Amino acid sequence: MLQYSIQVIVFQFLFWLVYEISLKRTTFFAYNRWYLLLSFSLSLILPLLKFDLFYDVVSPERLSAFRAQQILDITAPETTKEASRNSIISKQIFINWWVVTYVIGVVISAIFLSLKLFKLKSLFTQNLKRTEDQFRIIELPQTKAAFTFFKTIFLGSELSALERDQILVHEKVHAKQLHSLDLLIFEIFKVFFWFNPLVYVYQSKIAMIHEYLADTESVKKTSKSNYFQHLLNASFGSEDLIFSSQFLNNSSLKKRIKMIQKKQSRSLAKLQYLFAIPLTFAMLVFVANVSANTIQNKVSEASATSAENTANVEIMAGNSENQPVDFPFAVVDQVPLFKGCEELSEAEQKNCTSEKINEFVNNRFNEGIKGDFDSAIRVVVQFRINSSGKVEAARARAILAGNNREVVEAAAVKAVEALPQLIPGEHNSEKVNVIYSLPITLNAEV
């Protein structure tokens, strides 16, 4: 949850930065409205996306170790888990305090929203109503307030006839374009993301765009000078309903007048919205890398688990003969060894074997491939080194190989099957089958 929240805030900030730097000053108010709505929504969705393709960044060998560790966690006796139970409980208690804080914030935010809705409901039920076209007009006694909620327009009884006519034109734009829906959506998000300052910023920005849209339509039915004069002379109050579109907000008055006077932006300026495309792609890559790194960290933790956790655990395959499953290369007690590597120290044996296997297979693979390729091709090969040290059950998966996929995969399998017999691996002092995974890269110039 914390990682998701941080990513959402960062993504929203970047989208907002693009708006502030290049889009805010344009007169494409409708585009800006949709940009803010869509970018806000994308920021919530992108961190949730999963990309299986990027999982290939993690060595399949380590992924195998992670899967093996998952089996160990499931089948390990309760006695092996007892030692860490206290630390797990402590972490849960710590996490629960964060959850409690979040829930308290949600409850408080929900209460504030409920009070606003209750206040709005009282305005619907206690005041005089009339209809005009498809809009409902509600008169508020002893006030000059003016605001809109969906198809309902609230007008103060102390407004003059001229003021009413001008305000109605403005407020009808809010009603027709459902500006209240935008603001209400942000109010709901503020309940669940009360800790995110960007929700409040986005709501403020989109409320300003609503005013620009309504002002643009209003000045079409009167002169700009008359409209300016009306805004400057008006002194309207407003109810404390942030999700309603209010006619006048003194803090935004100067910006609105300035934007009305501004010359229409050129059509070429719309190209600025394309900045969001590479930004979105960069976010996708970031999310994918975070997912891959998360898996890699878990794999590293699994690989680092001591053999003590596995000593008394018998991993059985899901078949009727109860034959042991293959052990991953990363967790076996004694890895299979390439001839010549057995003379090295235990710490160097694994690297020696890996380097010799990589060198042998890559050379055979590059020699076996014929033809020109536009770009480098990555192949992941997985095979078994059985309890006799022989290579078997090789299979390959080519990535981004296009029409050459089958040829590349066949060449990779053939290169692996040519490996000489190895010294078999051991686990718990017994010779065992060991699974090995190997990434191969075919250079473009080959």
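Worth saying up front: this structure is predicted, and the values here are computed from it rather than measured.

Things to note about the overall build of the protein
Phase 1: A count of helical and extended segments in the protein gives 13 helices and 11 strands.
Phase 2: Each of the 446 residues in the protein was classed as buried or not, and the buried ones make up 44%.
Phase 3: For the protein, the accessible area works out to roughly 24800 Å², and carbon and sulfur atoms hold 57% of it.

Section: the UniProt feature "transmembrane region" (unreviewed entry) in the protein
Phase 1: The UniProt record annotates "transmembrane region" (unreviewed entry) at residues 6-23, 95-115 and 271-292.
Phase 2: In the segment residues 6-23, helix accounts for 100% and strand for 0%; the C-alpha atoms at its two ends are 25 Å apart.

Concerning the state of the cysteines
A covalent bond between the sulfur atoms of two cysteines is what we call a disulfide.
Phase 1: For the structure on display, the rule yields one disulfide.
Phase 2: In this model C341 forms its disulfide with C352; the gap between the sulfur atoms is 2.0 Å. In this structure, the disulfide formed by C341 and C352 twists by about -70° around the S-S bond and is classed as left-handed. Placement of C341 in the loop between β6 (327-328) and α12 (346-368) and of C352 in helix α12 is noted, with a sequence separation of 11 residues between them. Pair check on accessibility: C341 and C352 agree, each one buried.

Looking at the packing of aromatic side chains
Phase 1: A complete count under the given rule lists 18 aromatic pairs for this structure.
Phase 2: Between F40 and F189, the aromatic rings sit 5.1 Å apart at their centres with planes inclined by 65°, giving edge-to-face as the arrangement. You can see F40 sitting in helix α2 (residues 29-45) and its partner F189 sitting in helix α7 (residues 179-192), a full 149 residues away along the chain.
Phase 3: Relative to F154, the ring of F124 lies with its centre 5.3 Å away and its plane at 85°, an arrangement referred to as edge-to-face. On the criterion of sequence distance, the pair formed by F124 in helix α5 (residues 85-126) and F154 in strand β4 (residues 152-156) is long-range, its members being 30 residues apart.
Phase 4: A residue is classified by how much of its surface remains accessible, and F124, at 15% relative accessible area, is buried.

Digging into the confidence of the model for the protein
Phase 1: Overall, the prediction assigns the protein a mean pLDDT of 75, with 71% of residues at 70 or greater.
Phase 2: This model gives residues 52-93 a pLDDT under 50, and the stretch forms 51 contacts once residues within four places in sequence are excluded.
Phase 3: In the model, residues 302-322 has pLDDT below 50 throughout and makes 26 contacts with residues more than four positions away in sequence or in other chains.

A word on the side chain of E211
Phase 1: Among the secondary structure elements, E211 is positioned in helix α8 (residues 197-218).
Phase 2: Using a relative accessible area of 7% as the deciding quantity, one classes E211 as buried.
Phase 3: Polar contacts involving the side chain of E211 include one to the side chain of H174, which spans 3.3 Å.

What about the packing of helix α1 (residues 2-23) against α8?
Phase 1: It is at 10 Å that the axes of α1 and α8 come closest, and there the two elements cross at 30°. Looking at the two axes, α1 sits roughly parallel to α8. The handedness of the crossing between α1 and α8 comes out as left-handed. Of the residues in α8, those touching α1 at I9, Q12, F13, F15, W16, Y19 and E20 are L198, V199, V201, Y202, K205 and I209.
Phase 2: Here the residues of the contact of α1 with α8 are counted per class, giving 10 nonpolar, one polar and two charged.

A few points about the packing of α7 against α8
Phase 1: Remark: α7 packs on α8, axes separated minimally by 10 Å, with the N-to-C direction vectors making an angle of 175°. Between α7 and α8, the crossing angle belongs to the class labelled roughly antiparallel. In this structure, α7 uses H179, D182, L183, F186, E187, F189 and K190 to contact α8, whose residues at the interface are V199, Y200, Y202, Q203, I206, A207, H210 and L213.
Phase 2: Here the residues of the contact of α7 with α8 are counted per class, giving nine nonpolar, three polar and three charged.

Side note on helix α13 (residues 405-417)
Phase 1: For α13, spanning 13 residues, the distance from its first C-alpha to its last is 18 Å, which sits close to the expected 18 Å at 1.5 Å a residue.
Phase 2: What α13 keeps buried is the set V408, E409, A411, A412, V413, A415 and V416.

Focus: the pattern of salt bridges
Phase 1: Applying the stated criterion across every chain, the model contains seven salt bridges.
Phase 2: A salt bridge links E20 to K205; its shortest N-O distance comes to 2.9 Å. Taken together, the residues span a long stretch of sequence, with E20 in helix α1 and K205 in helix α8 at a distance of 185 residues.
Phase 3: The partner of E392 in a salt bridge is R384, with the nearest N and O atoms 3.1 Å apart.
Phase 4: With a relative accessible area of 21%, R384 lands in the partly exposed category.
Phase 5: Overlapping salt bridges bring together E20, K24 and K205 as one network.

Each value, and the rule that gives it
- Residues numbered from 1 in each chain as written.
- Predicted model: local features only at pLDDT ≥ 70, side-chain atom pairs only at ≥ 80, totals over all residues.
- Heavy atoms only, no water.
- Helix = DSSP H or I, 4+ residues; strand = E, 2+ residues; numbered from the N terminus.
- Buried < 20%, exposed > 50% of the residue type's maximum accessible area, 1.4 Å probe, protein only.
- Areas by Shrake-Rupley, 256 points an atom, 1.4 Å probe, with all protein chains shown as cover.
- UniProt positions renumbered as here; feature names shortened; annotations may be inferred.
- Disulfide = S-S within 2.5 Å.
- Phe/Tyr/Trp six-rings, centres within 6.5 Å; stacked < 30°, edge-to-face > 60°.
- pLDDT = per-residue confidence, 0-100.
- Contact = heavy atoms within 4.5 Å.
- Polar contact = N/O pair within 3.5 Å; in protein donor to acceptor, adjacent residues only side chain to side chain.
- Axes fitted to C-alpha atoms, helices over the stretch in contact; angles between N-to-C directions.
- Parallel < 35°, antiparallel > 145°, perpendicular 65-115°, else oblique.
- Left-handed = near helix turned anticlockwise from the far one by under 90°.
- Nonpolar A, V, L, I, M, F, W, Y, C, P; charged D, E, K, R; others polar.
- Expected span 1.5 Å × (residues − 1).
- Salt bridge = Lys/Arg side-chain N within 4 Å of Asp/Glu carboxyl O.

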